[in-house]
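Residue-level structure breakdown
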Amino acid sequence: MDEEEKVVRPAKRGFSLSPKIIIVALIIALLVGAAASSFFVVDQTEQAVVLRLGKYNRTVGPGLQTKIPFGIDTVHIVPTQVVQTLTFGYRANDRTGTGLKGASSYKSESTMLTGDLNIVDVEWIVQYKINDPKSWLFNVENRETTIRDISQSVMNALVGDLPILSVMTNLRTQIEIEAQQNMQEIFDRYNFGIQIVTVKLQNIVPPEGDVQDAFEDVNKAIQDMNRYINEGKEFYNQEIPAAQGEASKLILQAQGYAAERVNTATGDAARFTALAEAYEESKDITSKRLYLETMDEILKDKNITLVDKNLSQFLPIKTLGGAK
């Protein structure tokens, strides 16, 4: 076949993108990216701090929230409803984060000097919540370190003002209350943005060795003292009511005797008054009657009756001396 007779076919053209398609695709990608980065979700236990070009803009609560995309607005999520816990003097290995069993000891935090110059190991926890996300994020640097430093300073000051026995026994609750109040005052002064929920003393013991042995001896002596006191109170509670009952009985007897004597004296006085009045009215008859009554009383034991009781005879003489 001659070259003139060959059919000239057009070459196949490859797929090519026009500038218009590229621009549309970029616009769509930007819109998708903007939509994806314009929304964020805040959990019920959180609050979000929104920064616009690195400057604080607003604080938003739980729910679906919006922001300007492409890094113009940045969001910092803060757990404001979660109680956070820090341990001092030890680091727990259990789920709660506060258990003493199997915990690692941090003597640099727990060793303290008491007011009576004794050494004691104090382990405690501090629980807090974030109540101002903006202050929490921007007012203090190295937040956990600062909380630890303030807590240790407050606890050392309180323990250093008290004797070791008070720290380990009856003033534990007072130390916890005062520590919480003092820490909160300092955090508020620094505008820290947190609220102290509780301060709880976990373990207070003397250092191991001779100090601990000596303290255990003191504890045993205190226990013996308390036992003797309780025994004394028990004996007191048994004997005192019995003595009080006996005293009440004697008082009632004395009061009865006094009333009897007063009544007898009052009766005798009334009788003597009546006799005096009768004597004034009839001296001769009254004096004779008194004489006869007196002689009858004297001679009663000798079985001699001068006047019979029924007055059937005036002078019935039963027996005269020597008569047969």
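Residues numbered from 1 in each chain as written. Predicted model: local features only at pLDDT ≥ 70, side-chain atom pairs only at ≥ 80, totals over all residues. Heavy atoms only, no water.

Some thoughts on the pattern of salt bridges
Within this structure, the stated rule accounts for seven salt bridges. With its nearest N and O atoms 2.8 Å apart, the salt bridge here joins Asp 73 to Arg 52. Here the residue Asp 73 occupies a position in strand S5 (residues 73–78), and Arg 52 occupies one in strand S2 (residues 47–52), the gap between them amounting to 21 residues. Classification of Asp 73 as buried rests on a relative accessible area of 2%. Judged by relative accessible area, Arg 52 falls into the partly exposed class, the value being 32%. Here Arg 91 and Glu 109 are joined by a salt bridge, their closest N and O atoms 2.8 Å apart. Of this pair, Arg 91 sits in strand S7 (residues 90–91) while Glu 109 sits in helix H2 (residues 107–110), placing them 18 residues apart in sequence. Judged by relative accessible area, which is 8%, Glu 109 ranks as buried. Through salt bridges with shared partners, one network takes in Arg 91, Glu 109, Glu 144 and Arg 148. (Salt bridge = Lys/Arg side-chain N within 4 Å of Asp/Glu carboxyl O. Helix = DSSP H or I, 4+ residues; strand = E, 2+ residues; numbered from the N terminus. Buried < 20%, exposed > 50% of the residue type's maximum accessible area, 1.4 Å probe, protein only.)

Notes on the packing of aromatic side chains
Here the structure, examined in full by the defined rule, presents four aromatic pairs. A ring pair is formed by Phe 88 and Trp 124, whose centres lie 4.8 Å apart and whose planes are at 5 degrees; its orientation type is stacked. Separated by 36 residues along the polypeptide, Phe 88 in strand S6 (residues 84–88) and Trp 124 in strand S10 (residues 119–130) bring together distant segments of the chain. Residues Phe 88 and Trp 124 agree in their burial class; the two are buried. Aromatic pair Phe 187 and Phe 192: ring centres 5.1 Å apart, planes at 70 degrees, arrangement edge-to-face. Three or more aromatic residues joined by ring pairs form one cluster here, namely Tyr 128, Trp 136, Phe 187 and Phe 192. (Phe/Tyr/Trp six-rings, centres within 6.5 Å; stacked < 30°, edge-to-face > 60°.)

Notes on unusual backbone geometry
With a phi close to 65 degrees, Leu 117 is a non-glycine residue in the positive phi region. The exposure class assigned to Leu 117 is exposed, which follows from its relative accessible area of 66%. Unusually for a residue other than glycine, Asn 191 sits at a positive phi of about 55 degrees. Its place among the elements puts Asn 191 in the loop between helix H6 (172–189) and strand S11 (194–205).

Structural notes on the nonpolar core
Membership of the largest hydrophobic core comes to 35 residues, with the highest contact counts inside it found for Trp 124, Met 155, Met 183 and Ile 194. Elements supplying a minimum of two residues to this core: S6, S10, helix H4 (143–159), helix H5 (164–168), H6 and S11. Here Met 183 is in contact with Trp 124, Val 126, Ser 151, Val 154, Ile 196 and Val 199, once residues within four sequence places are set aside. Core analysis: the next-biggest nonpolar cluster, separate from the first, contains five residues, Phe 40, Val 42, Val 50 and Val 60 among them. (Core = buried A, V, L, I, M, F, W, Y, C linked by side-chain atoms within 4.5 Å. Contact = heavy atoms within 4.5 Å.)

Some points on the confidence of the model for the protein chain
Per-chain confidence: the protein chain averages 83 in pLDDT, with 85% of residues scoring 70 or above. This model gives residues 1–5 a pLDDT under 50, and the stretch forms zero contacts once residues within four places in sequence are excluded. Counting interchain partners and residues more than four positions distant, the pLDDT-below-50 stretch residues 314–324 has nine contacts. (pLDDT = per-residue confidence, 0-100.)

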